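# Report on the structure
What follows is each chain in one-letter form.
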Amino acid sequence: VDLPQDLAQQLSASTGEAWEEDVRTVWGEFQLRLMLAEQLDKFAASAGADGWDGDQALYLSDGAQEMVVMTVVWDSVSEARAARTALRTWLNDGGFGSSGLRRFVDEEADPDANKPMRYAFLTSQDDWVYFILATDSVSMDAAVSALGWE
């Protein structure tokens, strides 16, 4: 479940900013369940995390903008679909008004309030779910393109 080692360099090349990888970690089923439980009931949060088989999460920044990139593999396609549904609900209920199945934007978030993660990307393929939270849409779009998640 490895994200590219050179993602920060790819972002730097496409945005013109000096991106750095600050953290590369495994988020884990337990952390995912806790995150989902912030917006979903206990049953929905558990259903959204069940079947987790591995992940990798990156925290990247360029000094002004920040981004979390996450890829998760599930035990089955049906569990990946359940996770994507739970994440979509988490985004919508968390103030990321939906503007489509793959992109969520919170245009009313205060851009100066501790750099809120205002933009999100969510998609899946087979038993994989791909997820990005970012403080700006240009960097998020550059990451989506660099990762081939379009």
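Refer to the preceding data block for the structure.
Below: a short report on this structure. (Residues numbered from 1 in each chain as written. Predicted model: local features only at pLDDT ≥ 70, side-chain atom pairs only at ≥ 80, totals over all residues. Heavy atoms only, no water.)

## Focus: the packing of helix α1 (residues 7-15) against helix α5 (residues 137-147)
Contact geometry for α1 and α5: axes closest at 9 Å, N-to-C directions at 120 degrees. In terms of axis orientation, α1 runs oblique to α5. The handedness of the crossing between α1 and α5 is right-handed. Listed contacts from α5 to L7, Q10, L11, S14 and T15 of α1 are S139, A142, A143, A146 and L147. Along the lines of polarity and charge, the residues of the contact of α1 with α5 split into six nonpolar, four polar and no charged. (Axes fitted to C-alpha atoms, helices over the stretch in contact; angles between N-to-C directions. Helix = DSSP H or I, 4+ residues; strand = E, 2+ residues; numbered from the N terminus. Parallel < 35°, antiparallel > 145°, perpendicular 65-115°, else oblique. Left-handed = near helix turned anticlockwise from the far one by under 90°. Contact = heavy atoms within 4.5 Å. Nonpolar A, V, L, I, M, F, W, Y, C, P; charged D, E, K, R; others polar.)

## Observations regarding the pairing of strand β3 (residues 66-74)
Counted residue by residue, β3 has seven buried out of nine residues, so it is predominantly covered. As paired elements, strand β2 (residues 52-61) and β3 share nine bridges and run antiparallel to each other. Bridged to D55 within β3 is V72. Remark: four residues form the turn of the hairpin made by β2 and β3, two consecutive strands paired antiparallel; G63 in that turn has positive phi of roughly 95 degrees. Relative to strand β6 (residues 128-134), β3 runs antiparallel, the two being bridged by seven bridges. Bridge pairing links M70 to F131 in β6. (Buried < 20%, exposed > 50% of the residue type's maximum accessible area, 1.4 Å probe, protein only. Pairing = 2+ DSSP bridges.)

## A closer look at the pattern of salt bridges
Under the counting rule described, the total for this entry stands at three salt bridges. For the salt bridge of E29 with R33, the shortest nitrogen-to-oxygen distance reads 2.6 Å. With E29 and R33 both in helix α2 (residues 29-37) and four residues apart, this pair spans about one turn of that helix. A residue is classified by how much of its surface remains accessible, and R33, at 23% relative accessible area, is partly exposed. (Salt bridge = Lys/Arg side-chain N within 4 Å of Asp/Glu carboxyl O.)

## Observations regarding the nonpolar core
Core analysis: the biggest nonpolar cluster contains 21 residues, and L36, L87 and F131 have the highest contact counts within it. Every element with two or more residues in this core is listed here: α2, α3 (42-49), β3, α4 (77-93), β5 (119-125) and β6. No other element matches the six residues that α4 contributes to this core. In this view, L87 contacts L32, M35, L36, L122, V129 and F131; residues no more than four positions away in its chain are not counted. Counting residues in hydrophobic clusters, the runner-up holds 20 residues, among them M67, I132, A134 and V144. (Core = buried A, V, L, I, M, F, W, Y, C linked by side-chain atoms within 4.5 Å.)

Such coordinate-based values are descriptive only and should not be taken to indicate function.
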